[in-house]
Amino acid sequence: MIIYHGSEHIIKTPVYNGSKRTNDYGYGFYTTENIELAREWACAGNRDGFANTYELELKGLKILRLNSPEYSILNWLAVLTKYRSYWQKGSVAEDAKDYLQENFGVDLAPYDLIVGYRADDSYFSFAQDFVSGVISLDRLSVAMRLGKLGEQLVLKSREAFLHIRFLGAEPVDAAVYYQKKIIRDREARRAYRRSKQLKDSVSGLFMIDIMREGITNGDPRLR
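Remember, predicted model here, so these are calculated numbers, not experimental data. (Residues numbered from 1 in each chain as written. Predicted model: local features only at pLDDT ≥ 70, side-chain atom pairs only at ≥ 80, totals over all residues. Heavy atoms only, no water.)

**Q** Help me get a handle on the overall build of the chain, residues and values and all.
**A** Along the backbone of the chain there are eight helices and seven strands. Here the chain holds 223 residues, and 50% of them are scored as buried. Here the analysis covers contacts within the chain between residues at least 6 apart in sequence; of these, 85% occur between residues at least 24 apart. In the structure as shown, the chain presents an accessible area of about 11400 Å², 49% of it carried by carbon and sulfur atoms. (Helix = DSSP H or I, 4+ residues; strand = E, 2+ residues; numbered from the N terminus. Buried < 20%, exposed > 50% of the residue type's maximum accessible area, 1.4 Å probe, protein only. Contact = heavy atoms within 4.5 Å. Areas by Shrake-Rupley, 256 points an atom, 1.4 Å probe, with all protein chains shown as cover.)

So, in structure tokens, the structure goes:
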């Protein structure tokens, strides 16, 4: 498959564990199948960058697809709470993080490649609201579809880095793509604010309900 990585630099040889641990899935090389998203990522700091293009050979790789039906959004959240920082402080949020990791955590170690949601700033704030009890699970699920949320593919293992081949890089103009990133993020936040003005159903599942009722993987209420 063809994948892309947006960066301020041309990266011919991705480095194993060369990223920050506090990225969505910890250390890894973060890519996308969407060239437009890669162009936005390349200019995330409002500076010109590059959309690096690679060919990834999937044969022989162990792949975790967090967006597949066997997983719920809570599995993704459990991974996010483990690696991402800047979660709200407070007893409910802290307890929620522990509960998610204990009951919905996914061990990434056996896998070479992770496919799942990406947590740009707007989406990370939506996840924070759910963990702190501000919105229901249904509202979170709706929010995650705002602003054309895409998937990311993360190379995690040394083996995965042997399966990638650099094809080239194109320059990306920040004057164009930084603005596109800002506009998409702004649209997602506006849509989210509008959705928050609607009342959650009394039957909606909040984080506190999930903890009190001991809900775990496989519960039909999570589908």
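There's more to say after this.
**Q** How would you sum up the sheet that holds strand S3 (residues 49–56)? Please name residues and give values.
**A** Taken in spatial order, the three strands of this open sheet run S1-S3-S7, and their pairing is antiparallel. Bordering the open sheet on either side are strand S1 (2–7) and strand S7 (164–172), each of which pairs with just one other strand. Each strand axis lies, on average, 25 degrees off the axis of its neighbour in the sheet, ignoring direction. By the bridge criterion, eight bridges tie S3 to S7 in an arrangement that is antiparallel. Following the sheet pairing, Thr 53 is matched in S7 by Gly 168. (Pairing = 2+ DSSP bridges. Axes fitted to C-alpha atoms, helices over the stretch in contact; angles between N-to-C directions.)

**Q** Go over the sheet that holds strand S6 (residues 151–155) with me, naming the residues and quoting the values.
**A** If you walk across this open sheet you meet the four strands as S2-S6-S5-S4, and the pairing is mixed. Looking at the sheet topology across the chains shown, the edges are occupied by strand S2 (29–31) and strand S4 (63–65). Recorded for the sheet is a direction-independent mean angle of 20 degrees between the axes of neighbouring strands. In the sheet, S2 pairs with S6 via three bridges, with the strands oriented antiparallel. In the sheet register, Phe 29 faces S6, and the bridge partner there is Leu 155.

**Q** With reference to specific residues and values, describe the pattern of salt bridges.
**A** Overall, the coordinates contain eight salt bridges when judged by the stated rule. In this structure, Glu 36 and Arg 39 form a salt bridge, with 2.4 Å as the shortest nitrogen-oxygen distance. Of this pair, Glu 36 and Arg 39 both sit in helix H1 (residues 35–42), three residues apart, which is roughly one turn of the helix. Classification of Arg 39 as buried rests on a relative accessible area of 18%. Look at the salt bridges and you will find they share partners, linking Glu 36, Arg 39, Glu 170 and Lys 180 into a network. (Salt bridge = Lys/Arg side-chain N within 4 Å of Asp/Glu carboxyl O.)

**Q** Mind laying out the packing of aromatic side chains, listing which residues take part and the relevant values?
**A** The geometry of an aromatic ring pair is captured by two quantities: the separation of the ring centres and the angle between the planes. Per the stated rule, a full pass over the model turns up seven aromatic pairs. Each ring, one from Tyr 16 and one from Phe 161, has its centre 5.7 Å from the other, and the planes form 90 degrees; the classification is edge-to-face. Placement of the pair is Tyr 16 in the loop between S1 and S2 and Phe 161 in helix H6 (residues 158–161), with a sequence separation of 145 residues. Judged by centre distance (6.5 Å) and plane angle (50 degrees), the rings of Tyr 99 and Phe 104 are tilted. Of the two residues, Tyr 99 and Phe 104, neither departs from the other in class, the shared state being buried. One aromatic cluster is present, built from ring pairs that chain together Tyr 16, Phe 29, Tyr 54, Phe 161 and Phe 166. Positioned above the aromatic ring of Tyr 83, the side-chain terminus of Lys 156 is 5.6 Å from the ring centre. (Phe/Tyr/Trp six-rings, centres within 6.5 Å; stacked < 30°, edge-to-face > 60°. Lys NZ or Arg CZ within 6 Å of the ring centre and 35° of its normal.)

**Q** Residues and numbers for the environment of Gly 105, please.
**A** Note on placement: Gly 105 falls in the loop between helix H3 (91–104) and strand S5 (113–117). The partly exposed category is assigned to Gly 105, whose relative accessible area is 41%. The spacing of Gly 105 and Leu 74 is 31 residues in sequence and 8.5 Å in space, taken between C-alpha atoms. Excluding residues within four positions of it along the chain, Gly 105 makes contact with Ala 78 and Leu 100.

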